[in-house]
Amino acid sequence: MLPEELIDLVSKTVHQKAETQTLELKAAHVDCPKRLYDTLSSFSNQDSGGVLLFGVDETKSFEVVGVYDLQSLQKKVTEQCNQMEPPVRAVFTVAEIDGKPVCSAEIPAIDLSERPCYYKGAGRVKGSYIRVGDADLPMTDYELYSYEAFRKHLYDDERPIERASLKVLNQDVLQRYVLEKRIDRPGFGKLSEPEQYELLNITRNGTPTLAAVLNFAIYPQGYLPQLGITAIVVPGTEIGSLAEDSARFLDNKRIEGTIAEMVEEALAFCKRNMKTRTVIAPDTGLRTDRTEYPINALREIILNALIHRDYSLYTEGTPVQLDFFSDRVEVHSPGCLYGRATIEQLGHSHPDLRNPALAVMAETLTDSENRYSGIPTIRREMGAYGLPAPVFENRRDEFVVTLYNTPVASDTTISSANTADTLLDFCKTPRSRKEIADFLKLKTMTYAMQRYVAPLLESGKLKMTNPEHPGSRTQKYYS
């Protein structure tokens, strides 16, 4: 960054009085901080990188205290950067504010194929960190494995399930699948059946793979007990809400079977627990029934959760969750986004496939397209219903999709003519998404962001505290 940009960053930080997903403050007015390894690791391991800002003391109400010696500070920070694996190449910028020197060290993100970046003195397992909000947290075993799996092209859907055998697979379904592949691929039928099974990822060295068990087994959960769906209906907006008879759940079901069977049973659960209203077309007078949420959107979300979830040993004990609340439905898929995919890219680019063998099988057995059309379909279906856009969240150990059931038109309670000025005045102090939605008296944060915040961001009247990471859960907005 330029010195002018550094001065502007210090000014904003002092005003906001907060660290962020991409900003860490260090006083450094006495000496160089001794242990920067945790932050160097976490910044290097996130796509946006991060900035270490020296010369602002968080413990003194974010006062600009300056640094003890610019030359010495940069040298000592570089020494710590060289203790990382791979080495971190910080980019320094210096400036002066009210006669006090300040310094920033921009920490670039390392390529996904080289992650995790860790402190060599602690080793890969104990020296790898991830940034969560303004904190540096040790990586879990699962997070370490996910990087290794991507780097080494390890596909858990192809691992053999030793307890299973070809006898436990539904032979009628299996043979129809193999026959279709023989028809599609000239010459494939000349191979022996065991060779065909190996090439189709049905077996590994004669043992059925996880993908084959989940797609063809008569009872997959006999071998993989937790790889199903838990579906609940909560009588309120949060887990723990109670009905009038003190019941915690209005419906509660464990859904098992093959991928195809689970999709259909999950949709049946959804239909059973959704409200249905009759809509009369004003031009034709025709009556049609409309469910609370679009069925096609729910089907795509459930399919994606089952096909693209993490199937490693670290998540083998975690089922997909389907949770109905009074104002929304949530689908929780074990494992975070795979590879280079980001929330912003969903539906706009072709992401890396975590489970290619399982996805190819499911494409035939469930009529899933496997053409990256699922996310656009979900968005389109919700728009056609007049409902808020789906909300996608990439958490540390799960991916969550949320659909809200309040029509967009009925969310508005404040006149749009004066909302902008009112909101700008409210955001003189940085505000979170929830604070803005509550202030506008809107039930859904998504609609508040799309209808009111986005136009103000585009015009420059509102700004983000963390512009490098727009989707950050700790993001705030200020005027």
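Residues numbered from 1 in each chain as written. Predicted model: local features only at pLDDT ≥ 70, side-chain atom pairs only at ≥ 80, totals over all residues. Heavy atoms only, no water.

Quick look at the pairing of strand 1 (residues 23-26) now. Across 4 bridges, the pairing between strand 1 and strand 2 (residues 50-54) is parallel. By the bridge assignment for strand 2, Glu24 is matched with Leu52. Crossover handedness for the path strand 1 to helix 2 (residues 37-44) to strand 2: right-handed. (Pairing = 2+ DSSP bridges. Helix = DSSP H or I, 4+ residues; strand = E, 2+ residues; numbered from the N terminus. Right-handed = clockwise from strand over helix to strand, strands pointing away.)

The next subject is helix 2. The element helix 2 is largely enclosed, with a buried count of 7 among its 8 residues. Among the residues making up helix 2, those that are buried are Tyr37, Thr39, Leu40, Ser41, Ser42, Phe43 and Ser44. (Buried < 20%, exposed > 50% of the residue type's maximum accessible area, 1.4 Å probe, protein only.)

Counting residues in each nonpolar core, the largest one holds 63 residues, and the members touching the most others are Ile202, Ile229, Leu322 and Phe324. Broken down by element, the residue count for this core peaks at 8 residues, all from helix 10 (residues 295-308). In contact with Ile202, other than residues within four places in its own chain, are Leu169, Leu174, Tyr177, Val178, Tyr197, Thr207, Pro208, Thr209, Ala212 and Met361. In terms of nonpolar packing, the next biggest core, distinct from the first, is built from 20 residues, Leu52, Leu73, Val88 and Ile107 among them. (Core = buried A, V, L, I, M, F, W, Y, C linked by side-chain atoms within 4.5 Å. Contact = heavy atoms within 4.5 Å.)

Packing of helix 6 (residues 171-184) against helix 11 (residues 356-365) leaves a shortest axis separation of 11 Å and a crossing angle of 100°. Looking at the two axes, helix 6 sits roughly perpendicular to helix 11. Between helix 6 and helix 11, the residues in contact are Val173, Tyr177, Glu180 and Lys181 and Val360, Met361, Thr364 and Leu365, respectively. Residue classes in the contact of helix 6 with helix 11 are distributed as 5 nonpolar, 1 polar and 2 charged. (Axes fitted to C-alpha atoms, helices over the stretch in contact; angles between N-to-C directions. Parallel < 35°, antiparallel > 145°, perpendicular 65-115°, else oblique. Nonpolar A, V, L, I, M, F, W, Y, C, P; charged D, E, K, R; others polar.)

Shape is all these values report; function is a separate question.
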